[in-house]
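Each chain is listed here by its residues.
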Amino acid sequence: MRVLVYGGCGGLGRAVVQHFKSAGYNVTSVDIGENPEADSNVKVNLADDWVNQEKNVVQSVLDVLVGSKLEAVINVAGGWAGGNTQDPDWVKNADLMWKQSVWSSAIAATIASKCLKEGGLLVLPGAAPATSGTPGMMGYGMAKAAVHQLVKSLGGQGSGLPDGSCTLGILPVTLDTPMNRLVGKDQGFPMVGSCTLGILSVTLDTPMNRKFMPNADFSTWTPLSEVAGTLEKWSKNLERPATGSLVSMHTQSNSTYLRLEN
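Residues numbered from 1 in each chain as written. Predicted model: local features only at pLDDT ≥ 70, side-chain atom pairs only at ≥ 80, totals over all residues. Heavy atoms only, no water.

Trainee: Would you mind showing me how to read the nonpolar core here?
Mentor: What tends to happen in soluble globular proteins is that the nonpolar side chains get buried as a cluster. Among the nonpolar cores identified, the biggest contains 35 residues, and Tyr-6, Val-57, Val-61, Val-73, Ile-111 and Leu-122 are the most heavily contacted of them. If you list the elements that add at least two residues to this core, you get strand 1 (2-6), helix 2 (50-65), strand 4 (70-75), helix 3 (90-115), strand 5 (116-125) and helix 4 (138-154). Apart from the residues within four sequence positions on either side, Ile-111 is in contact with Leu-4, Tyr-6, Val-57, Val-58, Val-61, Leu-70, Val-73 and Leu-116. (Core = buried A, V, L, I, M, F, W, Y, C linked by side-chain atoms within 4.5 Å. Buried < 20%, exposed > 50% of the residue type's maximum accessible area, 1.4 Å probe, protein only. Helix = DSSP H or I, 4+ residues; strand = E, 2+ residues; numbered from the N terminus. Contact = heavy atoms within 4.5 Å.)

Structure follows, in structure tokens:
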């Protein structure tokens, strides 16, 4: 069994690679660097424009697979940058968000169209705040909303994906870090622990978050293993939502549950 993890060198990406490896999968990582735990690596050249990045990444993946098909293509690439129209860097930040989320998702979709098995899984990285307006982080919201639209399009008839395949969007993941709290407090960025009900973001339980917030309520933080385990289940068509769904993950009292946002 083979899976491809786009963004396999990030915090969540490394956890996903490690989990699938431990479950016996052959794992290909796609990122700007190499993940030594992966069976194979495809490097992204940031100097490429979108068209050439797609061309080069897809060809490299085809070279690695040598005709083999994938159970799943999982994109966990992305980042965060804020800004409203008065921020002189907001368009610059929007450009970065587009490259990190939309470029990677489009390229992942091309890979899936060529390399996914029938009935396979494609997962793209959405964001719960982007289901509505994001005035304090406009570029981020635009990029993630575009990914949400792509998920729905890929889940429809005539998308070009293999028969019976399933496309899902995960709507995390706000990393609750001191920098996010500092940058986001005046920009409408959702903060864990605020009095607003129905916050559609989760905090990942990472060593760095524990280091900087040792007194936080860890029972509300979603372990990376929960995310990775859910992705493995979906790759096996277990408890898999309908194709085209946007899914958020929430943790309360050390118990994680999923919620459909569309």
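Trainee: Help me understand the environment of Asn-26 in this model?
Mentor: With respect to the helices, strands and loops of the structure, Asn-26 is situated in strand 2 (residues 26-31). Asn-26 sits 24 residues away from Arg-2 along the chain, and the two C-alpha atoms are 4.6 Å apart. Beyond its immediate chain neighbours, meaning those up to four positions away, Asn-26 contacts Met-1, Arg-2, Val-3 and Asp-39.

Trainee: I would appreciate a short explanation of the pattern of salt bridges in the present structure.
Mentor: Where charged atoms from two side chains of opposite charge come close, those side chains can pair. Under the defined criterion, the tally for this structure stands at 6 salt bridges. Note that Asp-95 is salt-bridged to Lys-99, the shortest N-O span being 3.2 Å. Here Asp-95 pairs with Lys-99, and both are found in helix 3, just 4 residues apart, close to one helical turn. You can call Asp-95 partly exposed: its relative accessible area is 41%. Residue Lys-99 is classed as partly exposed on the basis of its relative accessible area of 36%. Here Glu-239 ties to Lys-233 by a salt bridge, and the two come within 3.8 Å at their closest N and O atoms. What makes Glu-239 exposed here is its relative accessible area of 63%. Under the relative-accessibility criterion, Lys-233 is labelled partly exposed at 38%. (Salt bridge = Lys/Arg side-chain N within 4 Å of Asp/Glu carboxyl O.)

Trainee: Quick question: what am I supposed to make of helix 1 (residues 11-22) here?
Mentor: For helix 1, with 12 residues, the first-to-last C-alpha span of 17 Å sits near the 16 Å given by 1.5 Å per residue. The elements touched by buried residues of helix 1 are strand 1, strand 2, strand 4 and helix 7 (224-235). (Expected span 1.5 Å × (residues − 1).)

Trainee: I keep staring at the side chain of Ser-104 and nothing clicks. Help me out?
Mentor: Within the secondary structure layout, Ser-104 lies in helix 3. What makes Ser-104 buried here is its relative accessible area of 4%. Ignoring sequence-local partners within four residues, the contact set of Ser-104 consists of Tyr-6, Asn-75, Ala-77 and Lys-99.

Trainee: I would appreciate a short explanation of unusual backbone geometry in the present structure.
Mentor: Peptide bonds are mostly trans, and most non-glycine residues show a negative phi. A positive phi angle, near 50 degrees, is found at Val-66, a position not held by glycine. Turning to its location among the elements, Val-66 is positioned in the loop between helix 2 and strand 4. A relative accessible area of 67% means that Val-66 is categorised as exposed. Of note in the backbone geometry, Glu-239 takes a positive phi value of approximately 55 degrees without being a glycine. As for its position among the elements, Glu-239 is in the loop between helix 7 and strand 9 (245-252).

Trainee: It is not clear to me how the sheet that holds strand 10 (residues 255-260) should be interpreted in this structure. Could you clarify?
Mentor: One key point about sheets: their strands pair by backbone hydrogen bonds, in either a parallel or an antiparallel sense. Pairing is mixed in the open sheet, where 8 strands are placed in the order 3-2-1-4-5-6-9-10. Two strands in the sheet have a free side with no partner beyond their single neighbour: strand 3 (40-43) and strand 10. With direction set aside, neighbouring strand axes in the sheet form an average angle of 20 degrees. With 5 bridges connecting them, strand 1 and strand 2 associate as parallel partners. Its bridge partner being in strand 2, Val-5 is matched across the sheet by Ser-29. Across the face of the sheet, helix 3 comes into contact with strand 1, strand 4 and strand 5 while running at roughly 175 degrees to strand 5. Lying on the sheet, helix 7 is in contact with strand 4, strand 5, strand 6 (166-170), strand 9 and strand 10; it crosses strand 5 at an angle near 155 degrees. (Pairing = 2+ DSSP bridges. Axes fitted to C-alpha atoms, helices over the stretch in contact; angles between N-to-C directions.)

Trainee: Where do I start with the confidence of the model for the protein in this structure?
Mentor: Parts of the prediction with low pLDDT should not have their coordinates interpreted in detail. Here the protein averages 85 in pLDDT, while 86% of its residues score no lower than 70. Across residues 173-201, where pLDDT falls below 50, the model places 51 contacts with residues more than four positions away in sequence or in other chains. (pLDDT = per-residue confidence, 0-100.)

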